[in-house]
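Examining the three-dimensional arrangement
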Amino acid sequence: MGPKAAATPTEEELRYGAHRVEAYECRSCGQTTRFPRYNHPGKLLETRRGRCGEWANCFTLCCRAMGWDARYGGRIRAAAWRAPPRS
Ligand SMILES: [Zn+2]
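What you see is a predicted model; the values in this text were computed from it and never measured.

This paragraph deals with the pattern of salt bridges. This structure, assessed with the given rule, holds nine salt bridges. Of the charged contacts, one joins lysine 4 and glutamate 22 as a salt bridge, the two residues approaching to 3.7 Å between their closest N and O atoms. Here lysine 4, found in strand β1 (residues 4–7), pairs with glutamate 22, found in strand β2 (residues 21–25); they are 18 residues apart in sequence, far enough to count as distant. A relative accessible area of 4% means that glutamate 22 is categorised as buried.

The pairing of β2 with strand β3 (residues 32–36) spans five bridges and is antiparallel. Residue pairing in the sheet places alanine 23 in a bridge with arginine 34 of β3. Hairpin connection between β2 and β3: a loop of six residues separates the two successive antiparallel strands, and glycine 30 in this loop has a positive phi of roughly 80 degrees.

Turning our attention to the sheet that holds β2. The pairing of strands in a sheet happens through backbone hydrogen bonds and is either parallel or antiparallel. In spatial order, the strands read β1-β2-β3; together these three strands make up an open sheet with antiparallel pairing. Each end of this open sheet is capped by a strand with a single partner; those strands are β1 and β3. Taken over all neighbouring pairs, the strand axes of this sheet differ in orientation by 35 degrees on average, direction set aside. With four bridges joining them, β1 and β2 adopt antiparallel strand pairing.

Enumeration according to the criterion identifies one aromatic pair in this entry. On the numbers, 6.3 Å between centres and 85 degrees between planes, the contact of tyrosine 16 with tyrosine 38 is edge-to-face. In this pair, tyrosine 16 is assigned in the loop between α1 (11–15) and β2 and tyrosine 38 in the loop between β3 and α2 (41–47), connecting sequence segments 22 residues apart. The ring centre of tyrosine 16 lies 4.8 Å from the NZ or CZ of lysine 43, which sits over that ring.

With that settled, consider the confidence of the model for the protein. On average, residues of the protein score 86 in pLDDT, and 83% of them reach the 70 mark or higher. When mean pLDDT is compared element by element in the protein, α1 scores highest at 97, while strand β5 (residues 81–82) scores lowest at 52.

About the criteria used
- Residues numbered from 1 in each chain as written.
- Predicted model: local features only at pLDDT ≥ 70, side-chain atom pairs only at ≥ 80, totals over all residues.
- Heavy atoms only, no water.
- Salt bridge = Lys/Arg side-chain N within 4 Å of Asp/Glu carboxyl O.
- Helix = DSSP H or I, 4+ residues; strand = E, 2+ residues; numbered from the N terminus.
- Buried < 20%, exposed > 50% of the residue type's maximum accessible area, 1.4 Å probe, protein only.
- Pairing = 2+ DSSP bridges.
- Axes fitted to C-alpha atoms, helices over the stretch in contact; angles between N-to-C directions.
- Phe/Tyr/Trp six-rings, centres within 6.5 Å; stacked < 30°, edge-to-face > 60°.
- Lys NZ or Arg CZ within 6 Å of the ring centre and 35° of its normal.
- pLDDT = per-residue confidence, 0-100.

Right under this line is the structure:
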């Protein structure tokens, strides 16, 4: 895959919080692959594509489904998922 470029999000992508869409071009055939950066854990479980931030988002959903106290600290590069502060 070639270097990434920004693509314009579709209405569907925006509906699931993908305000950023990366586009990669195959060096062999020139085909472009879109990588919408979804911010909706239900959509992420469907697409099963992402980096640390997307997985942290899904992990937070799973924690909450188990009844555990968790919050998603999106846009934090070093550690997207953090334990909630102790009270
Ligand atoms: Zn190709």
